[in-house]
Amino acid sequence: MKSHQWGWFFSALVPLIGSGLAAQQAGIELRNPAVLLSKKIKPMRRETLIEILQVESSSRAGLQWRRGENRDLEDETILAIVFSNEKKLAGRYIPGTQGNNLPENLPEGYRLLINQNEGKTIIWIIATDFRGMIYGVGHLLRLVQFEGRKCYLPAKLNIVTAPEQSIRGFQLGYRDLANSYDAWDAGQYEKYIRELALFGANAIENIPFDESNDSVHMPIPREEMHRRMSAICEKYDLDYWVWTPAAFDLRDRQKRQAMLATHSIFYKNCPRLDNVFFPGGDPGENHPRQVMPFLRDLSFRLKRYHPDAGIWISLQGFSAEEIDYFYHYLDEKKPDWLRGVVSGPGSPPIAETRFRLPQQYQHRHYPDITHNLCCEYPVKNWDQAFALTIGREGINPMPGFYAKIQQKYAPFTDGFIAYSDGAHDDVNKIIWSQRGWDGNKNIGEILVEYCRFFFAATVAEDAANGILALENNWRGPAIANGGIETTFVFWQNLQKNNPRLVKNWRWQMLLLRAYYDTYQRRRKIYEQGLEKKANAILALAPEIGSEKAMQRALVMLNKADTEPVAQDLHAKIVQLCDDLFHSIGLQTDMLKYHAAGAQRGCILQFVNYPLNNRWWLADEFEKIKVMKSKSEKLRRLKIIRTWENPGQGSYYDNISNIETGPRVLTTQYDACDVAWWNGGYSRARLSSQLFQSSPVLQYEDLDFNGRYFIRVAGQGEALLRADGERLEPVLYNKGLGEFKEFIVPRHITRDGRLRVTFDIPEESHLNWRRYSHISDIWLIKR
């Protein structure tokens, strides 16, 4: 079956704009095109434009757009790049338009059009500045259909555009904590930065003073790469930012002076530096009383080497008093050395910041587009199987999700520089860049351009649909999401029909996700099926004895390891992870690929993490074996095997499990509803690894005459209320997974309804990891 025959499945996801292959097939061939540049473009900038066109066309079609001369205006195909205030190029009038505030006259704006006359084709890129020329070239290259050694463009083309947001960038820190950047040389960095620019990015942020160890993957020293990144930004006229926290006490004069000196040396060595971003917290715990004078001192040193550069600060982690102090400082001092405020994770609300911030200061968003959980924007309705295996920093193309986030916050900011720690979020970067340029641009159109540019025009629309389908894989319970299997077959078909893309790292990532999602779904179906069979064996304990029942149940459970499912998919996952390590430096395992940490993209490391409770049950069986009485053993085994099925008229809910019933009314997406224990190798029951601090449950259609008690599992306190009435416990164990029990007074359930809530205990003295939480709740009919 050909890939386009699957279009019916994807048509409901996101409508694609019909500017793909149909429009391209009716286009014109660009034969032996000559590039003619305005003489007003500075020589180095001219070389950059020529290099972009030659490198990108050569890599796609094995041809090069040649450098043209004035006489080449008589050639068959010409690409002319000029400034919008020019009248003529080589004696030929430049197409002009009338009006005020035309996009091609605005910063970074351009006009891209085709003129055909007397057998000649002239492609015009008319821009107000050099950046606009780069963005015009990028748009052109995104539209070109390369076929063999030929290239085509739509016959009718007249695009006039300028960006909506003035800041559009990404943090690409060359540091050990990155899951791939640390393995790149300067050439790879330049290629990636150039590609981001061709999709509309205008800023790159580095992390020069990171305190982590040097990565074993780093091909060149940090200091040299920092200079190279600065030079790359200068080459493409991109703003170069640096993220520079102070994780020490600024009242320490010696450390303060040392940090100022470090900054000065760095500033001096940077060919280009536009902005310095100081995060108020995360890391750092300094009061703005110390921070603002420090930044003022930094500004003097910065201006010495980069007179047009500016200082930025975020209010991350600031208390209400510290935030008020900061704004009072702005009102009183009106510092002209401060350029703006950054809103990131842990900052005050974005809308509030823009409201309180004086208009002379800019406001930048610092969104996290790289993490899937325990982060600012966690994946919603994400199956636990993915959370446990692909984890916090797995490959995460989510165009629809991030387009909505960008759209929500764009009105309150001048733009964004997104947090990224690897190439795994590549699709998300393109979505943010393009929507930062045009907030109404169709997601499907963006993806078609992405796939045309990085893969080929012939596969662009199918691959774009495939990306949308991968995002759909993560919506809701994996077992119930049969679309995962359909998406897998679709990507297998794309893989079969496009063997030339086998070494393309972006293609490898998308394929890996298709295999990975399917593997985890099949494993979950299989392994949870084994657990049901094991529970049936435990039900025989009164007849065959607890020891024999536990032994047989464990054998059944461990078939997940001794007789694993879908090993052909697993082998492909291993291969693709290895391919990605060699193609882009992606480190998916700490031991095999020397990743910096288990949460740093180690999807191979956790690919076989148990999706049933076999580890927890093995540990529980050891505890049961040492119990003194037969009745005690049988009682505990009954609790275990009926954990999720407490009997007729009773109810069970695993808080924050998306497979739970409609009784749980609350969700919690604040980075604290999914556990990360024991370095990702927790042996705790799966249900105990999903929790909330104060869930709300609503029960309906209860027995009017029934008597009930509530059992709670979790950690720490459980200040429970039934219909608003605080209940006293009859059992109250605070350890992880231990039980608390509460008798429900009969008058509360006489109307057949019950609402359960929890007060939040005062625990400010504890580390947040030790806060109380609720994972499992039973309403058991007595």
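Computed from a predicted model, the values in this text were never measured in an experiment.

Caption draft 1: Inspection of the overall build of the chain at higher detail. Each helix and strand in the chain was counted, giving 25 helices and 28 strands. Taking 2.2 N^0.38 as the reference for a compact globule, 782 residues should give roughly 28 Å; the C-alpha atoms of the chain span a radius of gyration of 30 Å, in line with that estimate. With the C-alpha coordinates of the chain rotated into their principal frame, the extents come out at 100 × 70 × 50 Å. With 782 residues in all, the chain has 60% of them scored as buried. In the chain, the proportion of contacts linking residues at least 24 apart, taken out of those at least 6 apart, comes to 75%.

Caption draft 2: Spotlight on the pattern of salt bridges. Scanning all chains against the criterion turns up 54 salt bridges. Between Glu-51 and Lys-235 there is a salt bridge; the shortest N-O distance is 2.9 Å. Here Lys-235 lies in helix H6 (residues 222-235) and Glu-51 lies in helix H3 (residues 43-61), a separation of 184 residues in the sequence. Classification of Glu-51 by relative accessible area gives partly exposed; the value is 29%. You can call Lys-235 partly exposed: its relative accessible area is 23%. The shortest N-O distance in the salt bridge between Arg-194 and Glu-56 comes to 2.9 Å. Residue Arg-194 is located in helix H5 (residues 186-198), and its partner Glu-56 is located in helix H3; the two are separated by 138 residues in the primary sequence. By relative accessible area, which is 6% here, Arg-194 ends up buried. Overall, Glu-56 belongs to the buried group, its relative accessible area being 2%. One salt-bridge network, held together by shared partners, links Arg-45, Glu-108, Arg-131, Arg-168, Glu-234, Asp-237, Asp-239, Arg-272 and Asp-274.

Caption draft 3: Inspection of the sheet that holds strand S4 (residues 77-83) at higher detail. The 6 strands lie next to each other as S3-S2-S4-S8-S7-S11, forming an open sheet whose pairing is mixed. Every interior strand has two partners, whereas the edge strands, strand S3 (66-67) and strand S11 (158-161), have only one. Relative to strand S7 (residues 110-117), helix H4 (residues 130-143) is tilted by about 55°, and along the sheet it contacts S4, S7, strand S8 (120-127) and S11.

Caption draft 4: Broad picture of the packing of H3 against H5. The geometry of H3 relative to H5 is characterised by a closest axis approach of 12 Å and an angle of 100° between their N-to-C directions. By the angle class used here, H3 and H5 are roughly perpendicular. Taken together, the residues of H5 that come into contact with H3 (itself represented by Glu-51, Ile-52, Val-55 and Glu-56) are Glu-190, Arg-194 and Leu-198.

Caption draft 5: Inspection of unusual backbone geometry at higher detail. A positive phi is found at Cys-374, a non-glycine position, where the angle reads about 50°. The backbone phi angle of Asp-701 is positive, close to 60°, even though this residue is not glycine. Within the element layout of this structure, Asp-701 appears in the loop between strand S21 (697-699) and strand S22 (708-715).

Caption draft 6: The nonpolar core, seen in detail. In terms of nonpolar packing, the biggest core is built from 167 residues, with Ile-81, Leu-172 and Tyr-189 touching the most fellow members. With 10 residues, the top contributor of residues to this core is helix H17 (residues 505-538). Each residue touching Tyr-189, except ones within four places of it in the same chain, is listed here: Leu-172, Gly-173, Tyr-174, Tyr-181, Trp-184, Met-225, Met-229 and Ile-232. In terms of nonpolar packing, the next biggest core, distinct from the first, is built from 24 residues, Ile-537, Met-556, Trp-643 and Ala-713 among them.

Caption draft 7: Up close: a nonpolar patch on the surface. Taken together, the side chains of Val-730, Leu-731 and Ile-743 define a hydrophobic patch exposed on the protein surface, amounting to about 220 Å² of accessible area. One can find Ile-743 in strand S26 (residues 739-744).

Caption draft 8: Region of the structure containing the pairing of strand S12 (residues 167-171). With respect to burial, S12 is a largely interior element, 5 of its 5 residues being buried. Across 4 bridges, the pairing between S12 and strand S19 (residues 415-418) is parallel. In the sheet register, Phe-170 faces S19, and the bridge partner there is Ala-418. Examined bridge by bridge, S12 and strand S13 (residues 203-206) share 3 bridges and lie parallel to one another. Looking at the pairing, Gln-171 lines up with Glu-205 of S13. For the segment spanning S12, H5 and S13, crossover handedness is right-handed.

Caption draft 9: Quick peek at the packing of aromatic side chains. For the coordinates displayed, the defined rule picks out 41 aromatic pairs. For the pair Phe-606 and Tyr-681, a centre-to-centre distance of 4.9 Å together with 40° between the ring planes defines the contact as tilted. Of this pair, Phe-606 sits in the loop between helix H22 (590-593) and helix H23 (614-625) while Tyr-681 sits in the loop between strand S20 (651-654) and S21, and the two are 75 residues apart along the sequence. By way of ring pairs, the aromatic residues Phe-199, Tyr-450, Phe-453, Phe-454, Phe-455, Trp-491 and Trp-507 are connected into one cluster. Just above the ring of Phe-453 sits the side chain of Arg-60; from NZ or CZ to the centre is 3.8 Å. Cation over ring: Arg-711 sits above Phe-739, and NZ or CZ is 4.8 Å from the ring centre.

Caption draft 10: Local environment of the pairing of S8. Of all the 8 residues making up S8, 8 are buried; the element is thus mostly covered by neighbouring parts of the structure. Burial along S8 is two-sided: Lys-120, Ile-122, Trp-124 and Ile-126 and Thr-121, Ile-123, Ile-125 and Ala-127, pointing in opposite directions, are all buried. Sheet topology places S4 next to S8; 7 bridges connect them, and they run parallel. When the bridges of S8 are listed, Ile-78 appears paired with Ile-122. Taken together, the 8 bridges between S7 and S8 define a ladder with antiparallel strand orientation. Along S8, the bridge assignment pairs Tyr-110 with Ala-127. Linking two consecutive strands that pair antiparallel, namely S7 and S8, is a turn of 2 residues; a positive phi of about 55° is found at Glu-118 within it.

Caption draft 11: Expanded view of helix H15 (residues 460-473). For H15, built from 14 residues, the straight-helix expectation of 20 Å at 1.5 Å per residue is met to within 8% by its first-to-last C-alpha distance of 20 Å. Burial analysis of H15 places 12 of its 14 residues in the buried class, the great majority of the element. Among the residues of H15, those classed as buried are Ala-460, Asp-462, Ala-463, Ala-464, Asn-465, Gly-466, Ile-467, Leu-468, Ala-469, Leu-470, Glu-471 and Asn-473.

Caption draft 12: Main features of helix H13 (residues 426-437). Between its first and last C-alpha atoms H13 spans 17 Å; for 12 residues at 1.5 Å apiece the expected length is 16 Å, and the two agree. Among the 12 residues in H13, 12 count as buried, and that is most of the element. Of all the positions in H13, only Asp-426, Val-427, Asn-428, Lys-429, Ile-430, Ile-431, Trp-432, Ser-433, Gln-434, Arg-435, Gly-436 and Trp-437 are classed as buried.

Caption draft 13: Structural view of the side chain of Thr-413. Within the secondary structure layout, Thr-413 lies in the loop between helix H12 (399-409) and S19. A distance of 3.2 Å separates a polar atom in the side chain of Thr-413 from a polar atom in the side chain of Gln-165.

Definitions and limits used
Residues numbered from 1 in each chain as written. Predicted model: local features only at pLDDT ≥ 70, side-chain atom pairs only at ≥ 80, totals over all residues. Heavy atoms only, no water. Helix = DSSP H or I, 4+ residues; strand = E, 2+ residues; numbered from the N terminus. Rg over C-alpha atoms; globule rule 2.2 N^0.38 Å. Buried < 20%, exposed > 50% of the residue type's maximum accessible area, 1.4 Å probe, protein only. Contact = heavy atoms within 4.5 Å. Salt bridge = Lys/Arg side-chain N within 4 Å of Asp/Glu carboxyl O. Pairing = 2+ DSSP bridges. Axes fitted to C-alpha atoms, helices over the stretch in contact; angles between N-to-C directions. Parallel < 35°, antiparallel > 145°, perpendicular 65-115°, else oblique. Core = buried A, V, L, I, M, F, W, Y, C linked by side-chain atoms within 4.5 Å. Patch = residues over 30% accessible without salt bridge, like charges linked within 9 Å, V, L, I, M, F, W, Y side chains within 5 Å. Areas by Shrake-Rupley, 256 points an atom, 1.4 Å probe, with all protein chains shown as cover. Right-handed = clockwise from strand over helix to strand, strands pointing away. Phe/Tyr/Trp six-rings, centres within 6.5 Å; stacked < 30°, edge-to-face > 60°. Lys NZ or Arg CZ within 6 Å of the ring centre and 35° of its normal. Expected span 1.5 Å × (residues − 1). Polar contact = N/O pair within 3.5 Å; in protein donor to acceptor, adjacent residues only side chain to side chain.

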